Amino acid sequence: MKAIVHTAVAIIPALLLTLGAAAFAAEDAPNPYAEQGWAQLPDGRRLGQVSAIDVAPNGTIWIGERCGANGCADNNVPPIIQFDAAGKMLKTFGAGIFVIPHGLAVDRDGNVWVADQQGKGNKGHVVVKLSTDGKVLMTLGKPGVMGATDDTFNQPSDVAIAPNGDIFVADGHGGDSNARIVKFSKDGRFIKAWGKKGSAPGEFDTPHGLAFDSQGRLFVADRSNNRIQIFDQDGRFLAEWKQFGRPSGIFIDAHDTLYVADHLSNTKINAGYRRGIRIGSARDGVVRAFIPGLGADAESHSVGEGVAADAAGDVYMAETIGMTVRKFMRR
């Protein structure tokens, strides 16, 4: 899960770059997974667009969906949903709080953090921390206010929590939004920010997802630059990896297995890569498996923007266009 890391950063950037380059050709990786029916919803309840997903310490799966539609600004459907591994809906909350739930992380205490990517009126452009019962415990940013200051965001895409409680926000979603990573202490005090719009090391174009590995390195899905960037927790650039395609969602489990959702690549966008979920190692950058997108036409395969995996290694794909969550189990 995004929130679990164990040790301090100790890595050699040159070694990471070498390993990443060695693993670049990975489009022929096998697919050892098969889709299983999953989400069980009560009559009258449907999922909207889904990109926010994570697995809690107790093994339950949390998602942030867009209120049965493509946004929450104008309705009161509760968008934060807890499921068990079998797909049974356990709990919902968050009605009236969000505009576009986009990224989600569950910390080691089970609290749910949600990045609200857009704004309308006095809502959005914030990161919200909620208890397992849906009580708002903290809000980072100013609701409804866009900015690039120490206490404002402009289209935050994701959030990840370090083991000491420090909070990392991927602030930006392309276009005229921000393009930076913002770090806060566990009590919400601004510590630092790094990055700007661009393609050089340490720059971003749509920082769309965040995850930590077991060494404490921060992996950033730098989507429109077709790469993952890796940093220490002080923002020092360590490496970039392009072998995982055009990353939208990113997840690293307790064994450093790296899951990356690519829902945009085709012959016109990031040519040479197919849409799907690439599964490999955060330790050496080698892609070992590939779940292809769904549909007959590879150019328009349906693939989720969000991805997560449980302790059994089963993979969950959160879809925006498909408005669902799909589960893939090993064959």
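Residues numbered from 1 in each chain as written. Predicted model: local features only at pLDDT ≥ 70, side-chain atom pairs only at ≥ 80, totals over all residues. Heavy atoms only, no water.

1. Quick look at the state of the cysteines
- All told, the structure shown has 1 disulfide when counted by the stated rule.
- There is a disulfide in this structure between cysteine 67 and cysteine 72, and the S-S distance comes to 2.0 Å. A torsion of 105° about the S-S bond marks the disulfide between cysteine 67 and cysteine 72 as right-handed. Cysteine 72 shares its class with cysteine 67; the two are buried. (Disulfide = S-S within 2.5 Å. Buried < 20%, exposed > 50% of the residue type's maximum accessible area, 1.4 Å probe, protein only.)

2. A closer look at unusual backbone geometry
- Phi is positive for glutamine 155, close to 65°, though the residue is something other than glycine.
- Within the secondary structure layout, glutamine 155 lies in the loop between β9 (136-140) and β10 (156-161).
- Residue threonine 206 is not a glycine yet carries a positive backbone phi of 75°.
- Tracing the backbone shows threonine 206 in the loop between β13 (190-194) and β14 (207-212). (Helix = DSSP H or I, 4+ residues; strand = E, 2+ residues; numbered from the N terminus.)

3. Considering the side chain of aspartate 107
- The residue aspartate 107 is located in the loop between β6 (101-106) and β7 (112-120) in this model.
- For aspartate 107, the side chain forms a polar contact with the main-chain nitrogen of asparagine 111, separated by 2.9 Å.
- In terms of polar contacts, aspartate 107 uses its side chain to reach the side chain of tryptophan 113, at 3.0 Å. (Polar contact = N/O pair within 3.5 Å; in protein donor to acceptor, adjacent residues only side chain to side chain.)

4. Quick look at the environment of proline 79
- Looking at the secondary structure, you find proline 79 in the loop between β3 (61-65) and β4 (80-83).
- Distance from proline 79 to isoleucine 53, taken between C-alpha atoms, is 12 Å for residues 26 residues apart in sequence.
- With residues near it in sequence (within four places) discarded, proline 79 still touches Arg45, Ile63, Gly64, Glu65, Cys67, Cys72, Phe93, Gly94, Ala95, Phe98 and Pro101. (Contact = heavy atoms within 4.5 Å.)

5. Topic: the layout of surface pockets
- Considered as a void within the structure, the second largest pocket measures approximately 160 Å³ in volume.
- As for the second largest pocket, its lining consists of 14 residues, and the residues nearest its centre are Thr257, Ile279, Gly280, Arg288 and Arg330.
- For the lining of the second largest pocket, the secondary structure elements donating two or more residues are β19 (257-262), β20 (276-281) and β21 (287-292).
- The element contributing the most residues to the lining of the second largest pocket is β20, with 3 residues. (1 Å grid on protein atoms, 1.4 Å probe; cavity = no way out; pocket = protein on both sides within 12 Å on 5 of 7 lines; lining within 4 Å. Points joined across faces, edges and corners; volume = space filled by probe spheres on them.)

6. Description of the environment of phenylalanine 237
- Note that phenylalanine 237 resides in strand β17 (residues 237-241).
- For the pair formed by phenylalanine 237 and alanine 312, sequence separation is 75 residues and the distance between their alpha carbons is 32 Å.

7. Structural notes on the sheet that holds strand β1 (residues 33-36)
- Read across the sheet, 4 strands follow the order β1-β24-β23-β22 without closing on themselves; strand pairing throughout is antiparallel. Where the open sheet ends on each side, the last strands, each with one partner, are β1 and β22 (306-309). The mean inter-strand angle of the sheet, taken between neighbouring strand axes irrespective of direction, is 25°.
- Relative to strand β24 (residues 324-330), strand β23 (residues 315-319) runs antiparallel, the two sharing 5 bridges. Bridging from a neighbouring strand, glutamate 319 pairs with threonine 324 of β24. (Pairing = 2+ DSSP bridges. Axes fitted to C-alpha atoms, helices over the stretch in contact; angles between N-to-C directions.)

8. With respect to the pairing of β21
- As judged from the 5 bridges shared by β20 and β21, these two strands associate in the antiparallel manner. Bridging from a neighbouring strand, arginine 278 pairs with phenylalanine 290 of β21.
- Remark: 5 residues form the turn of the hairpin made by β20 and β21, two consecutive strands paired antiparallel; glycine 285 in that turn has positive phi of roughly 80°.

9. Topic: the nonpolar core
- Within the largest apolar cluster, 27 residues are counted, with the highest numbers of intra-cluster contacts made by Ile63 and Val315.
- Of all the elements, β23 adds the most residues to this core, at 4 residues.
- Filtering out sequence-adjacent residues up to four positions away, isoleucine 63 remains in contact with Leu47, Val50, Ala52, Ile53, Pro79, Ile80, Ile81, Phe83, Leu104 and Val325.
- Of all hydrophobic cores here, the second largest spans 17 residues; its members include Ala29, Ala221, Ile228 and Ala282. (Core = buried A, V, L, I, M, F, W, Y, C linked by side-chain atoms within 4.5 Å.)

10. What to know about the pattern of salt bridges
- According to the stated counting rule, one finds 20 salt bridges in the structure shown.
- A salt bridge links arginine 326 to glutamate 35; the nearest nitrogen and oxygen atoms lie 3.0 Å apart. Here the residue arginine 326 occupies a position in strand β24, and glutamate 35 occupies one in strand β1, the gap between them amounting to 291 residues.
- Residue classification places arginine 326 among the partly exposed positions, given a relative accessible area of 22%.
- The partly exposed category is assigned to glutamate 35, whose relative accessible area is 38%.
- Here arginine 288 ties to aspartate 284 by a salt bridge, and the two come within 3.0 Å at their closest N and O atoms.
- Among the residues examined, arginine 288 registers a relative accessible area of 45% and is labelled partly exposed.
- Counted as one network, the salt bridges with shared partners bring together Glu35, Glu319 and Arg326. (Salt bridge = Lys/Arg side-chain N within 4 Å of Asp/Glu carboxyl O.)

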